[in-house]
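# What the coordinates show
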Amino acid sequence: MAEKKVAVIGAGLGGLAAAIRLRVMGYKVSVYEKNQEPGGKASEIYDCGFRFDTGPSLVTMPFVLEELFKFAGEKIENFITLKKLDKLCRYFYPDGSVIDAYSDVQKFASEIEKNTTDSAGSVVAYLDYCRTIYNLSGELFLFKSFTEFSSIFNAKAFYTLLNILKLDTHRTMHRANSSFFNDGKTIQLFDRYATYNGSNPFKAPATLNIIQHVEYNMGGYVSSGGIYSIPKALTAVAENKGVEFNFNSEVNGIIRNGNRVTGIRVDGSEKLYDIVVSNSDVKNTYNNLLKDNNSRASKKYDDLEMSTSALVFYWGIKGNYPGLEIHNILFSEDYRKEFSDLFDAKIIPEDPTVYIYISSKFNGSDAPENCENWFVMINAPRNINQNWNYETEKARKHILRKIKNLLSIDVEADIITENILTPEILEKKTSSTGGSIYGISSNTRLAAFLRQRNRSGKYKGLYFTGGSAHPGGGIPLVLLSGKITADLIKKYEMN
Ligand SMILES: Cc1cc2nc3c(=O)[nH]c(=O)nc-3n(C[C@H](O)[C@H](O)[C@H](O)COP(=O)(O)OP(=O)(O)OC[C@H]3O[C@@H](n4cnc5c(N)ncnc54)[C@H](O)[C@@H]3O)c2cc1C
């Protein structure tokens, strides 16, 4: 029997993971990517001897990536080297204090005790609580499609149900964190993890404290050649396995016969496929590719709050700054106000928390000698046609002032090269609605259940993978999304 043909729309990490798995399972797979290179949000920029990762800067749950290489029969070390970080992040506070977050829990707990009014014991107890949430919910919510009968009706899911209170769905992250700690600095540090999926810690359920377990108990990693080495490696693996890639190929439509998808439209011509996997944003897929603005599935997204976007300055900087680590956070004074600016007023916060990632600190070739490549990011509201020239100019001033105040560095005159990513540019580049990085936000208790499932309930042969679908955004989750999608195709679309 002929191999079934699959079209994957988009070569983001989720699309690449699904393509590799499906090819290994014996499907004939073609990837269509509108940009000239793979990676989507995880791309790279070169400018005057500097190299920058455009999006992700920290890898968690490396076993997910390792398993993908293993599934493809490849050795990950032939492609990338993941390095576990001893120091995960250096936190700078408005009062001048500095806290280093170590991956060694005891060392980190002592650091918190030394610099705050909280005890080392409270940190250890807190990270145990985060581990419990992961152990209870990970299997059900991250690794499987929880709409499948077999995912819900099994002993593990039953055990989770029995322990549902431990998932802490009824408190917000901030409330839960405030119950473990007294010092505002410790609370702000742990509240920050809501931003890992573009949410608001003052609204998101405490279940999201699972993220801290992933980072502290399991570790944070960098890829020695920079994050872009990951999509580059996955593309090479996919090509070796026989996946066909079409770059500079924007898919303009998904064609269908009634409710069965039959192919895609690219450059004005129709190409027939048995199965279509969309790695494009879910809302974009419904509205622009399926032209299905009126269905319940599509309209749902009009009412749901989207996750945040980002405003990023990629600065090539003259000089070396030993006071900065690979990952650094310069906290805002009023965290609650910052999230209200982002989600309610939908403006760039007056006093944004600033994130600085410097990959040249571990990958020397990312910057010329005596220079550093600064990826300087603040959270931004999704694009609703704000005046981004004005917002960017304003943010640049706030950021430079904050760097001067907290780090005593006047860096402006040493910026040799500058590139900028706004929510509007991110939206154009990756077709993510509003430039939201993680699809819908997790600001409600039900958000995890409202995310687009990987197999379309309405269109036969249509599947979703990537950050706006189940189980969500971030490198490990979109790779898992590709796995869940491929497994569902194997189950429902026999080759
Ligand atoms: C600034 C920033 C910082 C981040 N930091 C981290 C981090 O530290 N750690 C972490 O784990 N994650 C981080 N993330 C999130 C992570 O990058 C994403 O969750 C992940 O890369 C998204 O993968 P995806 O599969 O959803 O695809 P995307 O990256 O969204 O890619 C989708 C691809 O589909 C293509 N496409 C869309 N529509 C079409 C079409 N019609 N035709 C053809 N092609 C199409 C797009 O061009 C794109 O290449 C960050 C993201 C950003 C932007």
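Residues numbered from 1 in each chain as written. Predicted model: local features only at pLDDT ≥ 70, side-chain atom pairs only at ≥ 80, totals over all residues. Heavy atoms only, no water.

### A word on the nonpolar core
Membership of the largest hydrophobic core comes to 111 residues, with the highest contact counts inside it found for Y91, L189, Y216 and L234. Residues from two domains meet in this core; each of domain 1 (5-42 + 225-304 + 439-492) and domain 2 (106-218) gives at least three. With residues near it in sequence (within four places) discarded, Y91 still touches S97, V98, I99, A101, L189, R192, Y193, Y216, I329 and F331. Ranked by size, the runner-up nonpolar core spans 26 residues in total, among them I317, I348, A380 and I415. (Core = buried A, V, L, I, M, F, W, Y, C linked by side-chain atoms within 4.5 Å. Buried < 20%, exposed > 50% of the residue type's maximum accessible area, 1.4 Å probe, protein only. Domains from an automatic or database assignment. Contact = heavy atoms within 4.5 Å.)

### Things to note about the packing of helix α1 (residues 13-24) against helix α10 (residues 229-241)
Two elements in contact, α1 and α10, have axes whose closest approach is 9 Å; the angle formed by their N-to-C orientations is 25 degrees. Put simply, α1 runs roughly parallel to α10. Crossing of α1 over α10 shows left-handed handedness. Taken together, the residues of α10 that come into contact with α1 (itself represented by L13, L16, I20, R23 and V24) are I230, P231, L234, T235, V237, A238 and K241. (Axes fitted to C-alpha atoms, helices over the stretch in contact; angles between N-to-C directions. Helix = DSSP H or I, 4+ residues; strand = E, 2+ residues; numbered from the N terminus. Parallel < 35°, antiparallel > 145°, perpendicular 65-115°, else oblique. Left-handed = near helix turned anticlockwise from the far one by under 90°.)

### Concerning the packing of aromatic side chains
Working definition: an aromatic ring pair is given by the centre-to-centre distance plus the angle between the planes. Across all of its chains, the model carries 28 aromatic pairs by this definition. Both rings, one in Y126 and one in F190, keep their centres 4.5 Å apart while their planes meet at 45 degrees; by these two values the pair is tilted. You can see Y126 sitting in helix α4 (residues 120-141) and its partner F190 sitting in helix α8 (residues 184-191), a full 64 residues away along the chain. Overall, the relative accessible area of 0% leaves Y126 in the buried class. Ring centres 5.5 Å apart and planes at 80 degrees place the aromatic pair F331 and Y335 in the edge-to-face group. Exposure remark for Y335: the relative accessible area of 7% places this residue in the buried category. For K185, the ring lying beneath its charged end belongs to Y93, and the centroid distance is 6.0 Å. Positioned above the aromatic ring of Y492, the side-chain terminus of R455 is 3.6 Å from the ring centre. (Phe/Tyr/Trp six-rings, centres within 6.5 Å; stacked < 30°, edge-to-face > 60°. Lys NZ or Arg CZ within 6 Å of the ring centre and 35° of its normal.)

### Details of unusual backbone geometry
Residue H470 is joined to P471 through a cis peptide bond whose omega torsion reads 0 degrees. With respect to the helices, strands and loops of the structure, P471 is situated in the loop between β19 (462-464) and α17 (475-492). For S408, which is not glycine, the phi dihedral falls at a positive 55 degrees. What makes S408 exposed here is its relative accessible area of 67%.

### A word on the domain arrangement of the protein chain
What the domain assignment reports for the protein chain is domain 1 (5-42 + 225-304 + 439-492) and domain 2 (106-218). The centre of domain 1, based on its C-alpha atoms, is set 29 Å off from the matching centre of domain 2. Contact with domain 1, which involves 16 residues of that partner, is made by 18 residues of domain 2. Taken together, both faces of the contact between domain 1 and domain 2 bury some 1,500 Å²; the carbon and sulfur share is 58%. (Buried area = accessible area lost by both parts, 1.4 Å probe.)

### So, the sheet that holds strand β9 (residues 244-246)
Across the sheet, which stays open at both edges, the five strands sit in the order β9-β2-β1-β13-β19 with parallel pairing between neighbours. Two strands lie at the open edges of the sheet, namely β9 and β19, each paired on one side alone. The sheet shows a mean angle of 20 degrees between the axes of neighbouring strands, taken without regard to direction. (Pairing = 2+ DSSP bridges.)

### Here we look at the pairing of strand β16 (residues 354-357)
Burial along β16 is two-sided: the residues V354 and I356 and Y355 and Y357 are all buried. Across three bridges, β16 lies against strand β17 (residues 371-380) in antiparallel orientation. Bridge assignment links I356 to a residue of β17, and that residue is V376.

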